[in-house]
Amino acid sequence: MLHRIRNGRPAGIVRIVLAGALLAVLGMAAPVQAEALKPYKDRLFRYKKIHETLYGGDFLVVEYSKQRDLRDRDEVDERRVYGNYVSYKPKRGRGSAELNANGRVVQYMGTGKWKGGANAIVLYVHGQGGNRFQGMNDVSFGGNFNRVQNLMVRNGGAYLTVDVTNFDKRGTADIAALIRYQKQLSPHARVVVACGSMGGIICWNLVKNANYASLLSGVVLLGSPKDPNFLSSGALSRNVPVYMGQGTLDRVYNWEDQANFFKQIKARAPGYPIRFTLFDTGTHGTPIRMTDWRQVLNWMLR
């Protein structure tokens, strides 16, 4: 059951249905600025219904419908999305490479301007049991990985995925080395690291480390665990934007634990740039399928 997390007291279910136009108005609370990423299939990927908005729009409860958002969207459930959701333009510039770092070989893939000259970079880190191919899959997860690829390719950016074997300091150091290498190729690029599931450990580690955090314009956590050490790490003073996406039926990481962590951060530092999207009835993989990449990245990149 969904509860408000306001003032620490559950207040029951309050369904406030917001049309897309109203959401756009709420988004203009901040000064109007040019959007970094131009629209791409927004009608298909936008949130169809917002149940509730809290913390001035920083916390959204979004309706997830298994019928609409999975069965009607996928030609083969959870395996292949219908063709109107994808464009294979990113495949033209897609390739693989290796980076020698920290005495290890880091294998990764890229598309767009991943060999240099990018104005923005999104790097996806998979969870346990995944690999670099997951984030390059055009047709799984409702085509959402294909969308972020297209957003970067069509806007002069780069998109990368990477193999991670250690979700600890070693893995974090390898990701940081890849970011530094990409920054050498694209010195003016702003970098966002997105982490799925257990990969979120690396995202939190990057933000907690002052040297690594200086390379970042944001981290995106998709069905990932919280990191209580974040609060005492000095990260709150660095203001690296954080997005957290969670499903209410996630059996791996309980959504209430993650939502309460968001609340702790807001209580400790009310102005910290953090947003949370809760997908009502969504499961562990729902944030990867449903997160509106353009909305999140435009917030971080501007």
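Residues numbered from 1 in each chain as written. Predicted model: local features only at pLDDT ≥ 70, side-chain atom pairs only at ≥ 80, totals over all residues. Heavy atoms only, no water.

### Observations concerning helix α4 (residues 144-153)
Alright, step 1. In terms of burial, α4 is a largely internal element, 9 of the 10 residues being buried.
Alright, step 2. Buried residues of α4: Asn144, Phe145, Asn146, Arg147, Val148, Gln149, Asn150, Leu151 and Met152, and no others. (Buried < 20%, exposed > 50% of the residue type's maximum accessible area, 1.4 Å probe, protein only. Helix = DSSP H or I, 4+ residues; strand = E, 2+ residues; numbered from the N terminus.)

### Brief notes about the confidence of the model for the protein
Alright, step 1. In this model, the protein carries a mean pLDDT of 91, and residues with pLDDT of at least 70 account for 89%.
Alright, step 2. Segment residues 1-33: pLDDT under 50, and 49 contacts once partners within four positions in sequence are set aside and those in other chains are kept. (pLDDT = per-residue confidence, 0-100. Contact = heavy atoms within 4.5 Å.)

### A word on the nonpolar core
Alright, step 1. By size, the foremost hydrophobic cluster in this structure holds 55 residues, and its most contacted members are Val193, Phe230 and Tyr272.
Alright, step 2. Leave out the neighbours within four places in its chain, and Val193 touches Leu123, Val125, Ile179, Cys203, Leu206, Leu216, Gly218, Val219 and Val220.
Alright, step 3. Counting 32 residues, the second-largest nonpolar core is a separate cluster that includes Tyr124, Tyr243, Ile288 and Leu301. (Core = buried A, V, L, I, M, F, W, Y, C linked by side-chain atoms within 4.5 Å.)

### What about the environment of Ile179?
Alright, step 1. With respect to the helices and strands, the residue Ile179 is situated in helix α5 (residues 169-185).
Alright, step 2. Here Ile179 falls in the buried class, since its relative accessible area comes to 3%.
Alright, step 3. Along the sequence, Ile179 and Ile121 sit 58 residues apart, while their C-alpha atoms lie 9.0 Å from each other.
Alright, step 4. Setting aside residues no more than four positions away along its own chain, Ile179 makes contact with Leu123, Val191, Val193, Leu206, Leu215 and Leu216.

### Some details on the side chain of Thr286
Alright, step 1. Position of Thr286 among the secondary structure elements: in helix α9 (residues 286-290).
Alright, step 2. Accessibility expressed as a relative area gives 3% for Thr286, which makes it buried.
Alright, step 3. Polar contacts involving the side chain of Thr286 include one to the main-chain amide nitrogen of Thr283, which spans 2.7 Å.
Alright, step 4. Once you skip the residues sitting within four places of it in the chain, Thr286 turns out to touch Tyr64, Phe279 and Thr291. (Polar contact = N/O pair within 3.5 Å; in protein donor to acceptor, adjacent residues only side chain to side chain.)

### Focus on the pattern of salt bridges
Charged atoms that come close allow side chains of opposite charge to pair.
Alright, step 1. One pass over the full model with this rule turns up 14 salt bridges.
Alright, step 2. The shortest N-O distance in the salt bridge between Arg294 and Asp42 comes to 2.6 Å. You can see Arg294 sitting in helix α10 (residues 293-301) and its partner Asp42 sitting in helix α2 (residues 42-45), a full 252 residues away along the chain.
Alright, step 3. The class for Asp42 is partly exposed, based on a relative accessible area of 24%.
Alright, step 4. Notably, a salt bridge pairs Asp174 with Arg104, separated by 2.9 Å at the nearest N-O pair. In this pair, Asp174 sits in helix α5 while Arg104 sits in strand β6 (residues 104-112), placing the two residues 70 residues apart along the sequence.
Alright, step 5. Asp174 sits in the buried class, given a relative accessible area of 10%. (Salt bridge = Lys/Arg side-chain N within 4 Å of Asp/Glu carboxyl O.)

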